Amino acid sequence: MKRLVLLCTLALASPVHADQIDLSTSTCKQFLESGEEGIKTTLTWLDGYYKDEDDPPVIDTDKLVANSKKLGEFCAKNPTLGLITAADKALGK
């Protein structure tokens, strides 16, 4: 358990990670250009953000992949659109 906590702490302290990612001001273009780590982090956060309050704390990887494709395709066509607005439209929220 201590090893897992240490690995998580080191991963979060990595210089690859930004101190803050403000999704309220991020555009689709910034999202698509944020690199593999940035995209994964944002997609995981969005998965939790768009869950209903009563949904169980489960990450459905098939749904996450499907939503990722939808958002990626939508953002590629709308690079100047705000990311949260794009997610609302692409994911039907």
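Right above here is the structure, for reference.
Basis of the calculations
Residues numbered from 1 in each chain as written. Predicted model: local features only at pLDDT ≥ 70, side-chain atom pairs only at ≥ 80, totals over all residues. Heavy atoms only, no water. Disulfide = S-S within 2.5 Å. Helix = DSSP H or I, 4+ residues; strand = E, 2+ residues; numbered from the N terminus. Buried < 20%, exposed > 50% of the residue type's maximum accessible area, 1.4 Å probe, protein only. Axes fitted to C-alpha atoms, helices over the stretch in contact; angles between N-to-C directions. Parallel < 35°, antiparallel > 145°, perpendicular 65-115°, else oblique. Left-handed = near helix turned anticlockwise from the far one by under 90°. Contact = heavy atoms within 4.5 Å. Nonpolar A, V, L, I, M, F, W, Y, C, P; charged D, E, K, R; others polar.

A. Just the state of the cysteines, in detail. Scanning the entire structure with this criterion turns up 1 disulfide. Paired through a disulfide, Cys28 and Cys75 show a sulfur-sulfur distance of 2.3 Å. Residues Cys28 and Cys75 are joined by a disulfide whose S-S torsion is about -55°; by sign, that bridge is left-handed. Separated by 47 residues along the polypeptide, Cys28 in helix H2 (residues 28-32) and Cys75 in helix H4 (residues 61-77) bring together distant segments of the chain. A single burial state applies to Cys28 and to Cys75, both of which are buried.

B. A look at the packing of helix H3 (residues 35-49) against H4. In contact at an axis separation of 11 Å, H3 and H4 are set at 110° when each is read in the N-to-C sense. When the axis of H3 is compared with that of H4, the two are roughly perpendicular. Helix-helix and strand crossings are classified by hand; for H3 and H4 the assignment is right-handed. Residue-level inspection shows Leu43, Leu46 and Asp47 of H3 in contact with H4, the latter providing Leu64, Ser68 and Leu71. Across the contact of H3 with H4, the residue classes tally to 4 nonpolar, 1 polar and 1 charged.

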